[in-house]
Amino acid sequence: MTTNSRRGRNNQPDNFLGAFISNLQKRFPDLLPPIVAILIFLLIWQLFTLSPESTMPGPIKVFQESWTKIWWPFAYPDREGTAKGLFWQIWASLQRVGIGYSLAAIVGVTAGVFIGVNPFLFKALDPLFQLLRTIPPLAWLPIALAAIQKSEPSAIFVIFITSIWPILMNTIVGVQQIPQDYKNVARVLRLSQQKYFLKVVLPAAVPYIFTGLRIGIGLAWLAIVAAEMITGGVGIGYFMFDSYNVGKTSDIIVALVYVGVVGLLLDRAVAFIGTKVIPEDNK
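Residues numbered from 1 in each chain as written. Predicted model: local features only at pLDDT ≥ 70, side-chain atom pairs only at ≥ 80, totals over all residues. Heavy atoms only, no water.

Broken down by element type, the chain carries twelve helices and zero strands. When the helices and strands of the chain are placed in sequence order, the string is α-α-α-α-α-α-α-α-α-α-α-α. For the chain, the C-alpha radius of gyration of 26 Å lies well beyond 19 Å, the compact-globule estimate for 283 residues. The C-alpha extent of the chain, read off along each of the three principal axes, is 90 × 55 × 35 Å. (Helix = DSSP H or I, 4+ residues; strand = E, 2+ residues; numbered from the N terminus. Rg over C-alpha atoms; globule rule 2.2 N^0.38 Å.)

What follows deals with the pattern of salt bridges. Any two side chains of opposite charge can pair, given that their charged atoms come close. Applying the stated criterion across every chain yields a total of six salt bridges. The salt bridge partner of E65 is K61, with a shortest N-O separation of 3.9 Å. On the criterion of helical spacing, the pair formed by E65 and K61 is a turn pair, its members being four residues apart in helix α3 (residues 59–65). Two residues, K69 and D251, come together in a salt bridge whose shortest N-O distance is 3.6 Å. (Salt bridge = Lys/Arg side-chain N within 4 Å of Asp/Glu carboxyl O.)

This paragraph deals with the side chain of S163. Assignment of secondary structure puts S163 in helix α8 (residues 151–176). For S163, a relative accessible area of 0% puts it in the buried group. Within polar-contact distance, the side chain of S163 engages the backbone oxygen of I159 at 2.8 Å. Apart from residues lying up to four places away in sequence, S163 is in contact with G100, Y101, A104, G216 and A220. (Buried < 20%, exposed > 50% of the residue type's maximum accessible area, 1.4 Å probe, protein only. Polar contact = N/O pair within 3.5 Å; in protein donor to acceptor, adjacent residues only side chain to side chain. Contact = heavy atoms within 4.5 Å.)

At their nearest, the axes of helix α7 (residues 140–148) and α8 sit 9 Å apart, and the two run at 140° to each other. By the angle between their axes, α7 is oblique relative to α8. For α7 against α8, the interelement crossing comes out right-handed. Residues W140, L141, A144, L145 and I148 of α7 lie in contact with α8, whose contacting residues are S151, P153, S154, F157, V158 and I161. (Axes fitted to C-alpha atoms, helices over the stretch in contact; angles between N-to-C directions. Parallel < 35°, antiparallel > 145°, perpendicular 65-115°, else oblique. Left-handed = near helix turned anticlockwise from the far one by under 90°.)

Taken together, the side chains of F28, L31, I35, I38, L39, F41 and L42 present a nonpolar region at the surface, about 640 Å² in accessible area. Within the element layout of this structure, F28 appears in the loop between α1 (2–27) and α2 (32–48). (Patch = residues over 30% accessible without salt bridge, like charges linked within 9 Å, V, L, I, M, F, W, Y side chains within 5 Å. Areas by Shrake-Rupley, 256 points an atom, 1.4 Å probe, with all protein chains shown as cover.)

Even without glycine at this site, Q149 takes up a positive phi of about 70°. Mapped onto the elements of the fold, Q149 is located in the loop between α7 and α8. When its relative accessible area of 63% is taken as the criterion, Q149 is described as exposed.

Going through the model one piece at a time under the given rule, you end up with eight aromatic pairs. Ring centres 5.8 Å apart and planes at 50° place the aromatic pair F114 and F197 in the tilted group. One end of the pair, F114, is in helix α5 (residues 86–117); the other, F197, is in helix α10 (residues 193–231), with 83 residues separating them in the sequence. Cluster of aromatic residues (ring-pair linked, three or more members): F74, F87 and W88. (Phe/Tyr/Trp six-rings, centres within 6.5 Å; stacked < 30°, edge-to-face > 60°.)

Here V62 shows up in helix α3. In contact with V62, not counting residues within four places along its chain, are W45, P57, W67, S250, I253 and V254.

Just distances and angles here, no functional claims.
Following this line, the structure appears as structure tokens:
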């Protein structure tokens, strides 16, 4: 009796933990696998940094050294440069990405539609586009700084020139992929140019356009981090570069997590808008 009683009490925590995990898996079937994967990743990371010769901090050390950056991202909004909290660094970068990416979307979609419906323009400009789109984003920064002489518009230009190519090229392809039957119906109905663009071209090309927009926002976010490391001022890219200069590796890792989370949210936001805009027949 005494042995069975002890065994029952000893099994109680296991049963409780098992029931909790089972209940969690039933309520959130897609949540448990990524949590387990993250915990395993953190464990492996911690094990690789246990050596005294390791120059990289483990997750426990990152949390201990940079807990203020993790829990107080809204701190010091009135301070200058890298003294602001991480939210304000991200906010400054997002504003630059917002301006550059919006300009690229407007120019890319507009130009892509006109080039896509005009075979002569496409044949004339496609070789130039194929050449320019292979240039790395940071290669444009010295040209922008030399031409504009200011770091802020130069960073926005790098965002623009980086994100416009996937938007432009996907829009051109989308317009060129319009079925011939659609064009024949438009001719039979004698649609005006305006109605042809609004009723035929845009609905048919919008899946390709959003594919380009989704690729473009990812490239824009990648480019702004790299550009800000050179242009300086405030921004998550310069914050990481400044942290490297003063030896705060833990702050760099925390900033990397913020960059990854924001990049994922931007990608999901564009994809969500696409699901609402793209017609059901074209999904």
